[in-house]
Structures are given as structure tokens and as C-alpha cells.
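Structural overview
What follows is the residue order along each chain.
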Amino acid sequence: QMQLVESGGGLVQPGGSLRLSCAASGRTFSNYAMGWFRQAPGKDRAFVAGITWSGGSTLYADSVKGRFTISRDNAKNTVSLQMNSLKPEDTAVYYCAAVQKLAPVTRPTDYNYWGQGTQVTVSS
């Protein structure tokens, strides 16, 4: 089993920034591509960003391209999501997830492990 614990969520004004972090334990972190997903009330869980096992390649949803940046530190077993220029429509619970593949995928059902989620609220 892999345990994933997110942190860094909160309330931020439109145009502001937040940095989410996810700490992994229990499995060899570098064997997994990582993804960030989000789920707003009444909506399905949606892919936000993903990163390959090495950190050498990333993938983003169109809605966050140019605003969000995913990164990972395999020495510290962490993956982060830097969120800039936040909009009210970014409000959601954000989850990190691990998939035992070299590259991230966008379908939630493909992921092996999930964190408990952290709330991000963008509001004035």
C-alpha cells in the first residue's frame, strides 16, 4: 500500500496563488507516475496535471495550462502543484494519486492510490 497525504489547501482570492503538496510513503515513489485531480460539488473527479516517474515530462488539463505547475522530488517522496492566477472555477477538493506506470494518465480509474483530498476555495 502507498499512503498519500495532501496539504496546502485553503481560501484564496481570485488571482491569488496556492501550493499543494503531497507526501508519499509505503511504496517506492519513483516507480509511480503521479497525478493531481479535483472534484467540485456535483461534478465528476477531473484530471488536472500529471508527471512522469522521473519528473521529466508533465501533462496538464487545458483549463489549467499556463497557470498550474506540477513537480516532484523523488528524494523526498513528494509531488507538488503550484497554482497561480486562481479563478473561482478552480474551487474544488484536490487529490493527488499514484499510478504504477512510467507516464501519467488522465482517467481516475487507472490510478492505484489516492490521498484524502484538500479543499481549495477561490473566492473574494
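Please refer to the structure higher up on the page.
To start, this report covers the structure provided alongside it.

Parameters at a glance
Residues numbered from 1 in each chain as written. Predicted model: local features only at pLDDT ≥ 70, side-chain atom pairs only at ≥ 80, totals over all residues. Heavy atoms only, no water. Pairing = 2+ DSSP bridges. Helix = DSSP H or I, 4+ residues; strand = E, 2+ residues; numbered from the N terminus. Axes fitted to C-alpha atoms, helices over the stretch in contact; angles between N-to-C directions. Core = buried A, V, L, I, M, F, W, Y, C linked by side-chain atoms within 4.5 Å. Buried < 20%, exposed > 50% of the residue type's maximum accessible area, 1.4 Å probe, protein only. Contact = heavy atoms within 4.5 Å. Phe/Tyr/Trp six-rings, centres within 6.5 Å; stacked < 30°, edge-to-face > 60°. Lys NZ or Arg CZ within 6 Å of the ring centre and 35° of its normal.

Structural notes on the sheet that holds strand β7 (residues 68-73)
Spatially, four strands are ordered β1-β3-β8-β7 in an open sheet, and the strand pairing comes out antiparallel. Each of the sheet's edge strands pairs with one partner strand only, and the pair in question is β1 (3-7) and β7. Across the sheet, the mean angle separating the axes of adjacent strands is 15° when strand polarity is ignored. Taken together, the six bridges between β7 and strand β8 (residues 78-83) define a ladder with antiparallel strand orientation. From the neighbouring strand, Ser71 faces β8, where its bridge partner is Ser80.

Overview of the nonpolar core
Grouped together as the largest cluster of nonpolar side chains are 31 residues, with contacts concentrated most on Leu4, Trp36, Leu81, Met83 and Tyr94. Secondary structure elements with two or more residues in this core: β3 (18-25), β4 (33-39), β5 (46-51), β7, β8, β9 (92-99) and β11 (118-122). When neighbours within four sequence positions are excluded, Met83 is seen to be in contact with Gly16, Ser17, Leu18, Leu20, Arg67, Phe68, Tyr94 and Val120. Of all hydrophobic cores here, the second largest spans six residues; its members include Ala33, Phe37, Phe47 and Tyr111.

Some remarks on unusual backbone geometry
For Asn77, which is not a glycine, the phi torsion comes out positive at approximately 60°. As for its position among the elements, Asn77 is in the loop between β7 and β8. In this structure, Ser85 is a non-glycine residue whose phi angle is positive, near 50°. Mapped onto the secondary structure, Ser85 falls in the loop between β8 and β9. By relative accessible area, which is 41% here, Ser85 ends up partly exposed.

Some thoughts on the pairing of β11
Burial along β11 is one-sided: the residues Thr118, Val120 and Val122 are buried and none of Gln119 and Thr121 is. Pairing geometry for strand β2 (residues 10-12) and β11, over three bridges, is parallel. The residue of β11 that forms the bridge with Gly10 is Val120. Looking at chain direction, β9 and β11 are connected through three bridges and run antiparallel. If you follow Val93 over to β11, its bridge partner there is Gln119.

Some thoughts on the environment of Lys43
With respect to the element layout, Lys43 can be found in the loop between β4 and β5. According to the relative accessible area criterion, Lys43 is exposed, its value standing at 57%. Between the alpha carbons of Lys43 and Ala92 there is a distance of 9.6 Å; along the sequence they are 49 residues apart.

Focus: the packing of aromatic side chains
For the structure on display, the rule yields six aromatic pairs. Geometry around Tyr95 places Arg45 over its ring, the cationic atom sitting 3.7 Å from the centre. The ring of Trp114 carries Arg45 above its face, with NZ or CZ at 4.7 Å from the centroid.

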